[in-house]
Amino acid sequence: MQYDASNGAISRARVIFLIGPSGSGKDSLIDAAREALRARGVEVARRVITRSAEAKGEDAHGVSEAQFQAMRDEGAFALDWQANGLRYGIPIQIDRWLAAGRSVLVNGSRGHLAIARRRYPDLLAVGLVVSPDALRARLLARGRESLEAIEQRLARNASLQAYDAEVQVLDNSTSLANACRALLRLLEEQGVGRSSVQKSPTCKLPD
Ligand SMILES: Nc1ncnc2c1ncn2[C@@H]1O[C@H](COP(=O)(O)OP(=O)(O)OP(=O)(O)O)[C@@H](O)[C@H]1O
Ligand SMILES: O=P(O)(O)OC[C@H]1O[C@H](OP(=O)(O)O)[C@H](O)[C@@H]1O
């Protein structure tokens, strides 16, 4: 346990690996919790994705396939994976945050969880759940992918195994506010980031 004189006790630094089906609300949850996470001293990794920067739904760095490969070759990523026809990279910067004692939240992948756990044995996996009908409705309403791509994402979800017992399950079937509060409660229970935050910001919800 470290101690930050101005803000109280800080637990050990951990990777929080947020996973869940495409459309389950990972990006929305991260956005809603961003200020509260900052107040706890928890960083949020900005993903590098081979998808155009204009794509709706996330504060990611969009790169071409060739740029992604060059970055990977240079060791720019702590973790990277491939899914949904795209490549995803988590900047190596997260290792510097961890070394400095700062926990970091990563928008992760169920398919890459085992590898991420090998690299970060202390990783805290948080798995979102949403009913299949709600998932379909949310992906359609978001409108980021074509109908065909949405069907492929739903098929991928059906093919991936259920969460193991080590994954902390979070329900995002009801309101985003409920899920966000549950995430912050979980981090508090797990001692992630600063405790004893005075007047800490709460969840910020979209209008
Ligand atoms: N609790 C909620 N209730 C209603 N709609 C929600 C809720 N959470 C998220 N959404 C909506 O569902 C859609 C998908 O959410 P989001 O993009 O955050 O999912 P995601 O898990 O990050 O998906 P992906 O992995 O494909 O990026 C968005 O349009 C978002 O506004
Ligand atoms: O299916 P799994 O392995 O959980 O995740 C695959 C990847 O796809 C989704 O990203 P997006 O919808 O392209 O933003 C997830 O966020 C994840 O990074």
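Sequence positions are assigned chain by chain, starting from 1 and proceeding in written order. Whichever chain is written first is A, and whichever ligand is written first is 1; the rest continue in order. Totals for whole chains, interfaces and linings use every residue, but because this is a predicted model, local features are given only for residues with pLDDT of at least 70 and side-chain atom pairs only at 80 or more, for both listing and counting. Hydrogens and water are ignored here; the side-chain numbers use all heavy atoms of the structure.

Asks: I'd like a description of the packing of helix 1 (residues 26–40) against helix 7 (residues 176–190), backed by residues and values.
Replies: It is the contact of helix 1 with helix 7, at a shortest axis distance of 9 Å, that shows an interaxial angle of 35 degrees. Relative to helix 7, helix 1 is oriented so that their crossing is right-handed. Each of S28, L29, A32, A33, A36, L37 and R40 in helix 1 lies in contact with helix 7, whose residues at this interface are L176, A179, C180, L183, L184, L187 and E188. Note that Gly is not counted as nonpolar here; it falls among the polar residues with everything else outside the nonpolar set of Ala, Val, Leu, Ile, Met, Phe, Trp, Tyr, Cys and Pro and the charged set of Asp, Glu, Lys and Arg. Looking at side-chain class alone, the contact of helix 1 with helix 7 contains 11 nonpolar, 1 polar and 2 charged residues. Helix axes are fitted only over the stretch in contact, all axes being lines through C-alpha atoms; the angle between N-to-C directions runs from 0 to 180 degrees. For the purposes of this entry, the term helix denotes a DSSP run of H or I that reaches at least four residues, the term strand denotes a run of E that reaches at least two, and both are numbered from the N terminus. Crossing handedness is read from the near helix: turned anticlockwise from the far helix by less than a right angle, it gives a left-handed crossing, and turned clockwise, a right-handed one. Here a residue-residue contact requires only that any non-hydrogen atoms of the pair lie within 4.5 Å.

Asks: Describe the state of the cysteines, and please don't skip the residues or the numbers.
Replies: We call a pair of cysteine sulfur atoms a disulfide whenever their separation is within 2.5 Å. Using the criterion set out here, one finds 1 disulfide in the structure. Bridging C180 to C203, the disulfide has an S-S length of 2.2 Å. What sets the handedness of the C180 and C203 disulfide is the S-S torsion sign, and at about -95 degrees it is left-handed. Of this pair, C180 sits in helix 7 while C203 sits in the segment after helix 7; the two residues are 23 residues apart in sequence, bridging distant segments of the chain. Residue classification places C180 among the buried residues on the basis of a relative accessible area of 0%. Its relative accessible area of 18% is what places C203 among the buried residues. Type-normalised accessible area, obtained with a 1.4 Å probe on protein chains alone, sets the label of each residue: buried when under 20%, exposed when over 50%, and partly exposed for intermediate values.

Asks: Before we move on, can you summarise the UniProt feature "binding site: ATP" (unreviewed entry) in the protein with the specific residues and values?
Replies: UniProt positions are given in the numbering used here, feature names are shortened, and annotations may be inferred rather than shown by experiment. Mapped onto the present numbering, the UniProt feature "binding site: ATP" (unreviewed entry) falls at G20, P21, S22, G23, S24, G25, K26 and D27. As for the largest pocket, its lining draws on G20, S22, G23, S24, G25, K26 and D27 from among the annotated residues. Relative to the assigned elements, G23 resides in the loop between strand 3 (15–19) and helix 1. According to the relative accessible area criterion, G23 is buried, its value standing at 15%. Cavities and pockets are defined on a 1 Å grid built over the protein atoms alone: a cavity is a set of grid points where a 1.4 Å probe fits but cannot escape, while a pocket is an open set with protein on both sides within 12 Å along at least five of seven lines, and lining residues are those with an atom within 4 Å of any such point.

Asks: Before we move on, can you summarise the pattern of salt bridges with the specific residues and values?
Replies: Any Lys or Arg side-chain nitrogen located within 4 Å of an Asp or Glu carboxyl oxygen qualifies as a salt bridge. Enumeration according to the criterion identifies 13 salt bridges in this entry. Close ionic contact of E188 with R40 constitutes a salt bridge, the shortest N to O distance being 2.6 Å. Taken together, the positions of E188 in helix 7 and R40 in helix 1 put the pair 148 residues apart, joining distant regions of the chain. What makes E188 partly exposed here is its relative accessible area of 42%. One salt-bridge network, in which partners are shared between bridges, spans R142, R144, E145 and R153.

Asks: Residues and numbers for helix 6 (residues 147–159), please.
Replies: Multiplying 1.5 Å by the helix residue count minus one yields the expected span of that helix. Counted at 1.5 Å a residue, the expected span for helix 6 with its 13 residues is 18 Å, and the 18 Å between its end C-alpha atoms agrees. Where helix 6 is concerned, the buried positions are A149, I150, R153, L154 and N157. All buried residues of helix 6 fall inside an arc of 140 degrees around its axis, so they share one side. What points out from helix 6, more than 90 degrees from its buried face, is the exposed set E148, A158 and S159. It is the directions from the helix axis to the C-beta atoms that the arc portrays.

Asks: Go over the site of ligand 2, please, and point to the residues and values.
Replies: Each residue is tested against the molecule or strand, and it is near if at least one of its non-hydrogen atoms lies within 4 Å. As a structural note, the neighbourhood of ligand 2 is formed by 18 residues, with R47, Y88, S109, R153 and R156 the closest of them. Interatomic distance of 3.0 Å between a backbone N/O atom of G111 and an oxygen atom of ligand 2. One nitrogen or oxygen atom from the side chain of R153 is found 2.2 Å from an oxygen atom belonging to ligand 2. Notes on ligand 2: free accessible area 440 Å², of which the protein chains cover 97%. Among the detected pockets, ligand 2 sits in the largest pocket. Of all elements in the fold, only strand 7 (77–83), strand 8 (86–91) and helix 6 reach the threshold of two or more residues within the shell around ligand 2. Polar contacts, as used here, are pairs of N or O atoms within 3.5 Å; protein pairs need one atom able to donate a hydrogen and one able to accept it. Residues neighboring in sequence count only if both atoms are side-chain atoms. Surface accessibility in these figures is a Shrake-Rupley result with a 1.4 Å probe; residues are shielded only by whichever protein chains are displayed. Just a note on the criterion: a molecule sits in a pocket or cavity if more than half of its atoms are within 2 Å of the grid points.

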